[in-house]
Every structure is written in structure tokens, then in C-alpha cells.
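Summary of the model geometry
What follows is each chain in one-letter form.
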Amino acid sequence: MKMDCRILWSFLLLMALAVPLSASAMEMDDCLDCHGEVDEVGEDLFIDGDKFLPTEHADMGCVTCHESVTDEHPDDGEAVTSADCLDCHEELGGQYMATAHAENAVCSDCHNPHQVHGIESVSGPDMNQQCSQCHDSIEVMDSHAEWLPQASLHISKLPCITCHTSAEGYVIVLNITQKQKKSEGLKGYSFSNYADLKEYAGEKEIQSLIDIDGDNHISLAELRTFNRNPAYKSLHLSGTMVPGEISHDLTTLDNRYDCTFCHASGPGSMQTSFLALPTEGGIYQRMTVEDGAMLDTLYGTPNFYMTGSTRSATMNIIGLIIICGGFIMPIGHGTLRFLTRKNRQH
Ligand code: HEC
Ligand code: HEC
Ligand code: HEC
Ligand code: HEC
Ligand code: HEC
Ligand code: HEC
Ligand code: HEC
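Everything numeric in this text was worked out from a predicted model, so none of it was measured.

Our next topic: the coordination of the iron atom of ligand 3. Donor atoms from the polypeptide that bind the iron atom of ligand 3 are H57 (NE2) and H89 (NE2), placed at 2.0 Å. Classification of the site at the iron atom of ligand 3 rests on its 6 donor atoms, whose angles at the metal span 87 to 179°, yielding the label octahedral. Residue H57 is found in the loop between α4 (49-52) and α5 (62-65), and its partner H89 is found in the loop between α6 (85-88) and α7 (90-97); the two are separated by 32 residues along the sequence.

On to the site of ligand 5, then. Around ligand 5, a shell composed of 14 residues is seen, among which H101, N104, C131, C134 and H135 lie nearest. H135 places a side-chain nitrogen or oxygen 2.8 Å from a nitrogen atom of ligand 5. Note that an oxygen atom of ligand 5 is positioned 3.4 Å from one of the side-chain N or O atoms of T252. The element best represented in the shell around ligand 5 is helix α12 (residues 160-164), accounting for 3 residues.

With that settled, the discussion passes to the coordination of the iron atom of ligand 7. Those donors, H154 (NE2) and H263 (NE2), are the protein atoms that reach the iron atom of ligand 7, and they lie 1.9 Å from it. The exposure class assigned to H263 is partly exposed, which follows from its relative accessible area of 25%.

Relative to the elements of secondary structure, S123 occurs in the loop between α8 (107-110) and α9 (124-132). Residues within four places of S123 in sequence aside, it is in contact with F191 and Y284.

Attention now moves to the site of ligand 4. Not every one of the 20 residues close to ligand 4 is listed here, only the nearest: C107, C110, H111, I119 and H248. With respect to ligand 4, the side chain of H111 contributes an N or O atom lying 2.7 Å from a nitrogen atom. One nitrogen or oxygen atom from the side chain of H248 is found 2.8 Å from a nitrogen atom belonging to ligand 4. Secondary-structure elements contributing two or more residues to the shell around ligand 4 are α6, α7, α8 and α9. Considering every element that reaches the shell around ligand 4, the biggest residue donor is α7, with 4 residues. Residues that form the shell around ligand 4 fall into these classes: 13 nonpolar, 7 polar and no charged. The two domains that each donate at least three residues to the shell around ligand 4 are domain 1 (5-110) and domain 2 (119-295).

Rules and cut-offs
Residues numbered from 1 in each chain as written. Chains lettered and ligands numbered in written order. Predicted model: local features only at pLDDT ≥ 70, side-chain atom pairs only at ≥ 80, totals over all residues. Heavy atoms only, no water. Donors = N, O, S within 2.8 Å, 3.2 Å for Na, K, Ca; no water. Tetrahedral: all angles 85-135°; square planar, octahedral: opposite > 155°, others 65-115°. Helix = DSSP H or I, 4+ residues; strand = E, 2+ residues; numbered from the N terminus. Near = heavy atom within 4 Å. Polar contact = N/O pair within 3.5 Å; in protein donor to acceptor, adjacent residues only side chain to side chain. Buried < 20%, exposed > 50% of the residue type's maximum accessible area, 1.4 Å probe, protein only. Contact = heavy atoms within 4.5 Å. Nonpolar A, V, L, I, M, F, W, Y, C, P; charged D, E, K, R; others polar. Domains from an automatic or database assignment.

Right under this line is the structure:
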């Protein structure tokens, strides 16, 4: 994982400050003895250790962010301070704070500081969950349907941030979905979680369902084998377009009315593609997919097709010839009849 230099420095600085200043010798485990148990502290102060410990924030320990905590806590009755995200995330945080949306939501409305993840570990629906706390899904669907055909398909497939932030580049991410008897989401399909896929994989790793040779890379041949396997009949690969790297300039971008922004994005985004598999901890792990496999809609991704995305110059010319061909008969016939009208009068 690459680390912004400034983040590293702020981190080291805070560490240096935290050690002598902190009034507590308590370690993370001590904190979790209380805060990791709902029975001890109640729902509101509960920190889920299983979700916190695998995150980048856990490497810093609790006290780095909660400096003022003392050895007498909680009996001292003192309020505990919490660090400001902007202390360490100047760049992304600053970008967000400059948007009009910063008036509407603060960092912790979208991010639980004890469960932070990079964009590569979060699914589209989970990202959209953050937005739907405030933006009613049905209202969003209705307002977008005024200009966007198949709005419910778009809204359920795409992360909101694909249209509402700008990014350097976009990638295609495939997820395994399965038919849910009860749910109607995604036309009756919803994302398979770890336990769902474990049922298919049995003793083996869930990765083996599709990455047959275990090289952490999905080839077109592996996609084809997966799609054709009758045992996985109720599993589908669902694709979506996601920013390659996160940006926080949350706004409405003019070019997102433009259907060709995605539908003619062509091999650029379609080449860089990933398969995201769910982990036991409820996040996702990505594997690269062979370049171009996404364009093979017949065997590679039969359930994912962004109309127009496979546009190529040659195909356009062939298409034009076919369309013109269709007109040649009636037009040619009419012209001939017109030119020969005198002959026919005889
Ligand atoms: C003995 C159990 C116990 C331990 C150990 C403990 N806490 Fe607490 N903590 C509590 C209780 C109870 C409260 C609520 C206190 C109150 O409301 O006055 C609390 C409150 C807090 C709050 C404030 C929540 C808020 O929004 O007001 C923070 C932050 C916090 N603890 C962090 C920590 C950290 C960091 C550690 C480890 C260095 C830690 N606690 C260790 C029991 C504990
Ligand atoms: C990266 C910084 C960071 C780390 C590391 C961190 N916290 Fe927090 N914590 C925060 C922030 C920021 C808030 C305030 C959240 C808000 O305003 O909603 C917070 C809030 C809390 C609260 C109040 C309840 C809540 O969820 O809002 C408790 C209790 C708490 N932290 C305990 C802990 C414990 C225990 C650890 C270590 C296991 C820890 N924190 C590690 C940043 C951190
Ligand atoms: C004491 C410094 C510090 C504070 C305060 C802090 N962070 Fe972080 N955060 C880090 C470091 C270090 C990383 C790991 C490097 C990176 O991804 O930039 C990180 C990573 C992250 C990640 C990405 C995790 C990943 O796996 O890629 C998110 C999201 C995040 N922080 C959000 C927040 C939010 C929101 C707050 C405020 C509630 C906050 N951070 C406060 C230091 C901090
Ligand atoms: C309106 C929602 C929203 C707000 C507010 C928000 N973020 Fe984010 N942020 C996201 C989404 C969505 C992602 C993608 C990953 C995820 O869902 O955690 C993300 C990702 C990140 C990341 C990880 C970047 C990476 O490498 O993938 C960091 C760090 C981060 N945000 C920091 C912040 C900070 C600091 C603030 C406040 C100044 C903030 N965010 C406010 C929605 C938000
Ligand atoms: C804590 C509440 C909250 C969260 C979370 C939140 N928003 Fe908002 N957002 C608002 C409010 C309030 C407004 C202003 C009123 C409105 O337009 O609905 C707004 C406005 C907007 C606008 C219109 C602003 C403009 O410039 O046209 C967009 C687009 C938007 N939000 C997208 C998002 C996305 C995408 C997410 C998730 C990544 C998100 N919001 C998360 C509260 C929130
Ligand atoms: C295909 C691109 C696209 C997707 C996906 C998308 N939006 Fe939008 N959104 C737009 C555009 C373009 C506008 C401007 C519409 C207008 O001016 O009428 C907009 C407008 C908005 C507004 C402003 C007021 C309104 O309701 O029309 C909000 C809030 C908003 N979007 C939230 C969201 C949320 C939340 C999601 C995810 C659930 C989302 N959008 C997904 C393109 C998109
Ligand atoms: C942000 C990217 C994005 C934008 C902008 C966008 N689309 Fe889409 N569109 C998608 C994705 C992703 C799908 C789902 C493809 C799939 O799952 O097979 C889709 C599906 C569709 C479908 C259904 C295709 C099918 O096979 O059922 C139609 C029709 C469509 N889009 C038309 C439009 C039109 C018209 C616009 C402009 C008003 C537009 N789209 C804008 C990304 C986008």
C-alpha cells in the first residue's frame, strides 16, 4: 500500500507527540477489554475489534487518536479527545472540505474511523450505503429516472461516486452475485458473501471457484470455465465501473449526463479490470482479470455488457455498410423506376 509522504510525517509527528503527552499507559488490548464488549460499554461505545484490527488505523493504536485518555479513564470523568481526520489526511480531506457538500456531511458521516478501507476493498453497494443514510434511495431513483433510462439498473449497478466525483481513470470490477429467493434487488440477484461462496467451495478456498490455478489472476479461460460450470448455474458475474483511485470532489459533473462517458469508454476502462471476492471480514479482495477478457461478452462476461463499450472503428464502418445496404434496395429501385418512367408509359 502506498503511503502519502505527508501522511507518514504527520503520523510520525503524532506518534512522537502522543508518547510523552499521553497520560495513559493503556494498550489497545486494554481499551478493547471494555470497548470491545457490548456488555461492558453498550452499543454506542462499542468498537468491533474484529473489524478494527485488520485496518490501517489499527497500526497506530487507540491512544494516537485518543490522546487525552488517562490511566484513571473512565473513572476520572474526563471527556476523551478524538483526533481530526484532517491532521493526517490533508490531501483527500482538504479536497472534500473545499466542496459544497462539506456543509452537508463530515468525514465520520461516511467513514467509521474504526472501520476504514480503501476503495479497492469496498463494494459499490457498500459505498452507496454511506450515501443512502441521507439520500433516500427511492427519491434518488425517481429524480435520476427523469433523464437516465433504466435508472434503477444504473443506480443499483454503479457506485454513486462514479458519477459524482472525478477521477483520473476508471476500472471495471466484477463481483459474484447469486439468485436470492426472497430478495428482488438487482432483478433477484445480490452480491454473494463469504459464507454463500464457502458453500460452493466446501473445504477449498473460495478463490478456487474461479481462480483454478491459484495464481491470483483470472484468465479468460478461467472466466469461461466458471460461466459454463453447471454447478454454478445460480452464480452470475456482475460488472460495474469504478474510479481507479478515489477523489473527494463530490459534485455533479456535467459529462455524466453524457451516456458516451461510460458507454463508449471502450477498451480504456475495459482493459483494466478486477474480480472482487468477499472476505470473511465483510470487505473485498481484488484479483486482476486478463486484459481484454471483459470485451469477450460471449464467454468472459455474459452477464455484463455496457452497450456501446466495445465500439470499434472497423465495426462502425461495417455497421454503416449494413445500414446503407438496407437503403440501397428501396432507393435504387425507386430511382430506376423514376428514370425508366418514360419507357414504361409506352
Ligand atoms: C474499564 C473499562 C474501560 C477501559 C479500559 C477504557 N474505556 Fe473508554 N470508556 C469507558 C466508559 C464506561 C466510557 C463512558 C464514560 C462516560 O460516559 O463518562 C468510555 C468513554 C470513552 C470515550 C469517549 C466516548 C464519547 O464519545 O464520549 C473514548 C473515546 C474512549 N472511552 C476511548 C478509550 C480508549 C482509547 C481506551 C484505551 C486507552 C479506553 N477508552 C479504555 C470504559 C473504558
Ligand atoms: C485514526 C484515529 C482513531 C483510532 C486509531 C481510534 N479511534 Fe476511536 N475515534 C476516532 C474518532 C475521530 C472518533 C469520533 C467519531 C465521531 O465523531 O463520530 C472516535 C470515537 C471513538 C469512541 C466513541 C464512540 C464512537 O464510535 O464514536 C470510542 C469509544 C472510541 N473511539 C474508542 C476507540 C478505541 C477503543 C480504539 C482502539 C481500539 C480507537 N478508538 C481507535 C478516531 C480513532
Ligand atoms: C493519526 C493519523 C490519522 C488520523 C487522525 C486519521 N487517519 Fe486515516 N489513515 C492514517 C494512516 C497512516 C493510514 C494508512 C495510509 C493511507 O492509506 O493513507 C490511514 C488510512 C485511512 C483510510 C484508508 C484505509 C485503507 O485501507 O486504504 C481511510 C478511509 C481513512 N484513513 C479515513 C480516516 C478518517 C475518516 C479519519 C477521521 C475520522 C482518519 N482517517 C483519521 C492515519 C490517520
Ligand atoms: C459523502 C461521503 C464521504 C465523505 C463525507 C468523506 N468520504 Fe472519504 N471516501 C468516501 C468513499 C465512498 C470512499 C471509498 C472507500 C470507502 O467507501 O471507504 C472514500 C475513501 C476515503 C479514503 C481512502 C482512499 C483510498 O485510498 O481508497 C480516505 C483516506 C478518505 N476517504 C478520507 C476522508 C476524509 C479525511 C474525509 C473528511 C474530510 C472524508 N473522507 C469524507 C466517501 C466519503
Ligand atoms: C450526512 C448526510 C449526507 C451523506 C452521508 C451524503 N450526503 Fe449528499 N447531500 C446531503 C445534503 C443535506 C445535501 C443538500 C440537499 C440535497 O441536495 O439533497 C446533499 C447534496 C448532494 C448532492 C447535490 C449537490 C450538488 O452540488 O448538486 C449530491 C450530488 C450528493 N449529495 C451526493 C452524495 C453522494 C454520492 C454521497 C455518498 C458518497 C452523499 N451525497 C452522502 C447530505 C448527505
Ligand atoms: C449515471 C450517473 C449517475 C449515477 C450513477 C448517480 N448520479 Fe446522481 N446525478 C447525476 C447527474 C448527471 C445529476 C444532475 C441531474 C439534474 O441536474 O437533474 C445528478 C443529481 C443528483 C443529486 C441532486 C438532486 C437530485 O436528486 O437530482 C443528488 C442528491 C444525487 N444525484 C445523488 C446520487 C446518489 C446518492 C447516487 C447513488 C445512489 C447517484 N446520485 C447516482 C448522475 C448520476
Ligand atoms: C457512469 C457510467 C454510465 C453512464 C454515464 C451511463 N451508463 Fe448506461 N450503463 C452503465 C452500466 C454499468 C450498465 C450496466 C451494464 C450491465 O450490467 O450489463 C448500463 C446499462 C445501460 C442500459 C441497459 C443495457 C442492457 O443491456 O440492459 C441502457 C439502455 C443504458 N445503460 C443507457 C444509458 C443512457 C441512455 C445513458 C445516458 C443518459 C447512460 N446509459 C449513461 C453505465 C453508465
